[in-house]
Amino acid sequence: MSAPLLEVEDLSVEFDTRTGVARVLESVSFALGRGETLGLVGESGCGKSMTALAIMRLIPNPPGRITAGRVRFEGRDLLALDDASMRAVRGNRVSMIFQEPMTSLNPVFTVGEQIAEAVRLHRGLDRRAAHARAVEMLAAVGIPAPARRVDEYPHQFSGGMRQRVMIAMALACDPGVLIADEPTTALDVTVQAQIFDLISDLRERTGTAVVLITHDMGAIAEMTDRVAVMYAGRIVEEGTVAEVLGAPLHPYTQGLIACAPGRRTAAAGAQLEEIPGTVPSLLERRGGCAFADRCRHAMPACRASLPAETVLDGGRRRVLCWLHASPGEAAA
């Protein structure tokens, strides 16, 4: 196998709060190959968006800080770069689509100016060439009459069109990795499908690798090659979409899938299942599994200590659960 394009290793993030230190990410690790799509899925607050911000080195400091780990892109550790070198990567080789386009776009500049700024900064184009690139990118993301709309302001676009502008901006410099953080938040179902189709099409045409952050299991099934399930700041299961959705190993993954609406529950008129309990506070210093108090399979070992990660299928599938630990480890 070729070397991963993006490799996140043991990434940990903490935030200082008035009531203590919140550990929002703990030893997060995953790898992404060229042209591959990885889905990060989990409940709100599990650390999905924080993982993206840490990769982009956009954690506000203070109060937050990256306390451990490495983020290698094309072999370089992004966390070890100086600020100028990181700015040359961010928005150029690694780009991100943020959740809410209306707050991410500057209301006093035209969308064309905002797209052109990135290519002028990273590609050294003059104003005319950058403007032409902005028109080209608006056309690429399916905005009609791009030569006219390039000179319009964000408030003149619908929510779905503003999200397309954000995608155009993120892809203007042909990044190797695109991080899409809930790219269809607050959009209607039809527009959601259009945005997902657009990202898939662009990935196939450009070879860009994608990290898709979502809580939508349907989007995971349709859009991704592999999926990593997060809970309370950790990745608890990772594998191919077929493996994780078809035969989930971790009880939390099983609960997430059972909670998702589907044709069977809709046809039968049955109520959706729920995961009992609540997510533990990130301020708690946990000695064992964070899911133990909500898990119907919990054992004394689950509350006592965290199991070592169990690796299956040659390293392509992994799970963090005592149910799948080796007999020797469980006995210890």
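Residues numbered from 1 in each chain as written. Predicted model: local features only at pLDDT ≥ 70, side-chain atom pairs only at ≥ 80, totals over all residues. Heavy atoms only, no water.

Participant: So what exactly am I meant to see when it comes to the overall build of the protein chain here?
Facilitator: The helix and strand tally for the protein chain stands at 14 helices and 12 strands. In terms of C-alpha radius of gyration, the protein chain reaches 21 Å, essentially the compact-globule figure of 20 Å for 332 residues. Along the first, second and third principal axes, the C-alpha atoms of the protein chain reach 70 × 55 × 45 Å. Excluding contacts between residues fewer than 6 apart, the proportion of contacts in the protein chain whose partners are at least 24 apart in sequence is 64%. Summing over all exposed atoms, the protein chain offers an accessible surface of approximately 15,700 Å²; the carbon and sulfur share of this is 52%. Considering the protein chain, the positive charge centre built from 35 side chains and the negative charge centre built from 39 side chains are found 3 Å apart. (Helix = DSSP H or I, 4+ residues; strand = E, 2+ residues; numbered from the N terminus. Rg over C-alpha atoms; globule rule 2.2 N^0.38 Å. Contact = heavy atoms within 4.5 Å. Areas by Shrake-Rupley, 256 points an atom, 1.4 Å probe, with all protein chains shown as cover. Lys, Arg positive; Asp, Glu negative; His and termini not counted. Charge placed at Lys NZ, Arg CZ, Asp CG, Glu CD.)

Participant: Where do I start with the pattern of salt bridges in this structure?
Facilitator: Side chains bearing opposite charge may pair, as long as their charged atoms lie close to each other. Scanning the entire structure with this criterion turns up 22 salt bridges. Across the pair Arg65 and Asp16 runs a salt bridge, and its minimum N-O distance is 2.8 Å. You can see Arg65 sitting in strand S4 (residues 64-73) and its partner Asp16 sitting in strand S1 (residues 6-17), a full 49 residues away along the chain. Judged by relative accessible area, which is 39%, Asp16 ranks as partly exposed. For Glu26, the salt bridge is made with Arg23, and the minimal N-O distance between the two is 3.3 Å. Grouping residues by exposure puts Glu26 and Arg23 together as buried. Where salt bridges share partners, they join Glu36, Arg226, Glu238, Glu309 and Arg318 into one cluster. (Salt bridge = Lys/Arg side-chain N within 4 Å of Asp/Glu carboxyl O. Buried < 20%, exposed > 50% of the residue type's maximum accessible area, 1.4 Å probe, protein only.)

Participant: For this particular structure, what's the right way to read the confidence of the model for the protein chain?
Facilitator: One rule of thumb: low pLDDT means the predicted coordinates there are not for detailed reading. Averaged over all residues, the pLDDT of the protein chain is 89; the fraction at 70 or higher stands at 93%. The element-level mean pLDDT for the protein chain is lowest in helix H12 (residues 263-268), coming to 49, with S4 highest at 97. (pLDDT = per-residue confidence, 0-100.)

Participant: Before we go on, may I ask you to explain the packing of helix H4 (residues 111-123) against helix H5 (residues 127-140) in this structure?
Facilitator: Any two packed helices are characterised by the angle at which their axes cross and by the distance between the axes. Their axes nearest at 8 Å, the elements H4 and H5 cross at an angle of 115°. In this structure, H4 meets H5 at a crossing whose hand is right-handed. Where H4 abuts H5, its residues Val111, Gly112, Ile115, Ala116, Val119 and Arg120 lie against Arg127, Ala130, His131, Arg133, Ala134 and Leu138. Grouping the amino acids of the contact of H4 with H5 by side-chain chemistry returns seven nonpolar, two polar and three charged. (Axes fitted to C-alpha atoms, helices over the stretch in contact; angles between N-to-C directions. Left-handed = near helix turned anticlockwise from the far one by under 90°. Nonpolar A, V, L, I, M, F, W, Y, C, P; charged D, E, K, R; others polar.)

Participant: I would appreciate a short explanation of the sheet that holds strand S12 (residues 317-319) in the present structure.
Facilitator: Strand order in the open sheet formed by eight strands is S6-S7-S8-S3-S9-S10-S12-S11, with mixed pairing between adjacent strands. The sheet is open, and its two edges are formed by strand S6 (94-97) and strand S11 (310-312), each paired on a single side. Each adjacent strand pair in this sheet contributes to an overall mean axis angle of 20°, direction not counted. Taken together, the four bridges between S6 and strand S7 (residues 177-181) define a ladder with parallel strand orientation. Each bridged residue has a counterpart across the sheet, and for Ile97 the counterpart in S7 is Ala180. Taken strand by strand, helix H11 (residues 251-259) contacts strand S9 (226-231) and strand S10 (234-240), and its axis lies near 105° from that of S9. (Pairing = 2+ DSSP bridges.)

Participant: Explain the packing of aromatic side chains here, please?
Facilitator: Two numbers describe a pair of aromatic rings. These are the distance of the centres and the angle of the planes. Within this structure, the stated rule accounts for three aromatic pairs. Considering the side-chain rings of Tyr231 and Phe291, the 5.2 Å spacing of their centres and the 85° angle between planes classify their relative orientation as edge-to-face. Of the two residues, Tyr231 sits in strand S9 while Phe291 sits in the loop between H12 and helix H13 (300-304), which places them 60 residues apart along the sequence. Both residues of the pair, Tyr231 and Phe291, belong to the buried class. With centroids separated by 5.4 Å and ring planes inclined at 65°, the aromatic side chains of Tyr252 and Phe291 adopt a geometry described as edge-to-face. Residue Tyr252 is found in helix H11, and its partner Phe291 is found in the loop between H12 and H13; the two are separated by 39 residues along the sequence. (Phe/Tyr/Trp six-rings, centres within 6.5 Å; stacked < 30°, edge-to-face > 60°.)

Participant: Can you help me understand the sheet that holds strand S5 (residues 76-77) in this one?
Facilitator: The pairing of strands in a sheet happens through backbone hydrogen bonds and is either parallel or antiparallel. Pairing is antiparallel across the open sheet formed by four strands, whose spatial order is S2-S1-S4-S5. On the outer flanks of this sheet lie strand S2 (20-32) and S5, each paired with one strand and no other. Summarising the sheet, S1 and S4 pair through eight bridges and their orientation is antiparallel. Across the sheet, Glu9 pairs through a bridge with Arg70, a residue of S4.

Participant: Whenever I open this one, the nonpolar core confuses me. Can you help?
Facilitator: Burial of nonpolar side chains together is a common tendency in soluble globular proteins. Ranked by size, the top nonpolar core spans 39 residues in total, and within it Ile115, Leu138, Val165 and Ile167 carry the most contacts. Of all elements in the fold, only H4, H5, helix H7 (159-171), S7, helix H8 (189-206), strand S8 (209-214) and helix H9 (217-223) reach the threshold of two or more residues within this core. For this core, the element with the most residues is H7, which contributes eight residues. Sequence-distant contacts of Leu138, defined by excluding residues within four places in its chain, comprise Val111, Ile115, Ile143, Pro146, Arg149, Val150, Val165 and Ala168. (Core = buried A, V, L, I, M, F, W, Y, C linked by side-chain atoms within 4.5 Å.)

Participant: Before we go on, may I ask you to explain the packing of H7 against H8 in this structure?
Facilitator: Across the interface, H7 lies against H8 with an axial gap of 10 Å and an inter-helix angle of 15°. By the angle class used here, H7 and H8 are roughly parallel. With respect to the hand of their crossing, H7 and H8 are arranged in right-handed fashion. The residues of H8 that touch H7, namely those facing Gly160, Gln163, Arg164, Ile167 and Leu171, are Val191, Gln194, Ile195, Leu198, Ile199 and Leu202. Among the residues making up the contact of H7 with H8, the classes are represented as seven nonpolar, three polar and one charged. (Parallel < 35°, antiparallel > 145°, perpendicular 65-115°, else oblique.)

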